[in-house]
Amino acid sequence: QVQLVETGGGLVQSGGSLKLSCVASGPIFEISRMGWYRQSPESARELVATISSDGSTNYADSVKGRFTISRDNAKNTVNLRMNNLQPDDTAVYYCAAKIKTDGVTDYNFWGQGTQVTVSS
């Protein structure tokens, strides 16, 4: 069974930084896209950033210039460096990945989520 495990959440003051990491494990043939989403009690789950296997990235407008996504294909890992955090960034952050377990079909997998809280 494929698993995504996130680490690195926590409590930080406004203007501070955090780094989230996510490791994928299990019967993985290929990982195409990896990314981060977030959800707060007041809003639906939203895209934060994604990165493809060729390194191309996509960011939500709200985090451009503050967050950086990166991945290590050899370690099946995706990271999210978050700088200049603001209270509006407070949310549960979820790792997501499109993974081929059979060499043919992409399946979507999600991590369990990690809480990021930014105090003002």
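In the block above lies the structure referred to throughout.
Criteria and thresholds
- Residues numbered from 1 in each chain as written.
- Predicted model: local features only at pLDDT ≥ 70, side-chain atom pairs only at ≥ 80, totals over all residues.
- Heavy atoms only, no water.
- Pairing = 2+ DSSP bridges.
- Helix = DSSP H or I, 4+ residues; strand = E, 2+ residues; numbered from the N terminus.
- Axes fitted to C-alpha atoms, helices over the stretch in contact; angles between N-to-C directions.
- Disulfide = S-S within 2.5 Å.
- Buried < 20%, exposed > 50% of the residue type's maximum accessible area, 1.4 Å probe, protein only.
- Polar contact = N/O pair within 3.5 Å; in protein donor to acceptor, adjacent residues only side chain to side chain.
- Contact = heavy atoms within 4.5 Å.

**Student:** Can you walk me through the sheet that holds strand β8 (residues 77-82) in this structure?
**Tutor:** Strand pairing in a sheet relies on backbone hydrogen bonds. The paired strands run either parallel or antiparallel. Here 4 strands make up an open sheet; going across it, the order is β1-β3-β8-β7 and the pairing antiparallel. Of all the strands in the sheet, the pair left with one neighbour each is β1 (3-7) and β7 (67-72). Direction aside, the axes of adjacent strands within the sheet are offset by 15° on average.

**Student:** Help me understand the state of the cysteines in this model?
**Tutor:** Cysteine pairs can be covalently joined through their sulfur atoms, and such a bond is termed a disulfide. A complete count under the given rule lists 1 disulfide for this structure. Across the disulfide from Cys22 sits Cys95; the S-S distance is 2.1 Å. Measuring handedness by torsion sign, the sulfur bridge of Cys22 and Cys95 sits at about -80° and is left-handed. Taken as a pair, Cys22 in strand β3 (residues 18-25) and Cys95 in strand β9 (residues 91-100) lie far apart in primary sequence, 73 residues in all. Take Cys22: its relative accessible area is 0%, and that puts it in the buried class. Of the residues examined, Cys95 reaches a relative accessible area of 0% and is grouped as buried.

**Student:** Just checking my understanding: could you explain the side chain of Asp89 for this structure?
**Tutor:** Mapped onto the fold, Asp89 is located in the loop between β8 and β9. Of the residues examined, Asp89 reaches a relative accessible area of 2% and is grouped as buried. A distance of 2.7 Å separates the side chain of Asp89 from the side chain of Arg66, its partner in a polar contact. Ignoring any residue separated from it by four or fewer positions in sequence, one finds Asp89 in contact with Arg38, Arg66, Phe67, Asn84, Val116 and Val118.

**Student:** Would you take a moment to explain the environment of Phe29 for this structure?
**Tutor:** For Phe29, the position within the fold is in the loop between β3 and β4 (30-39). You can call Phe29 exposed: its relative accessible area is 56%.

**Student:** When you look at the environment of Ala97 in this model, what are you seeing that I'm missing?
**Tutor:** Within the secondary structure, Ala97 is located in strand β9. Taking the C-alpha atoms as reference points, Ala97 and Pro27, 70 residues apart in sequence, are found 13 Å from one another. Discounting residues that sit within four places of it in the chain, Ala97 has contacts with Leu4, Ile31, Arg33, Met34, Tyr107, Asn108 and Phe109.

**Student:** Help me out: how do you make sense of the pairing of β4 in this one?
**Tutor:** Across a regular strand the side chains alternate sides, sitting on one face of the sheet and then on the other. With 8 bridges connecting them, β4 and β9 associate as antiparallel partners. Note on β9: the bridge partner recorded for Tyr37 is Tyr94. Alignment of β4 against strand β5 (residues 46-52), held across 6 bridges, turns out to be antiparallel. Within β5, the residue paired with Tyr37 across the bridge is Leu47. Between β4 and β5, which pair antiparallel in sequence order, lie 6 residues.

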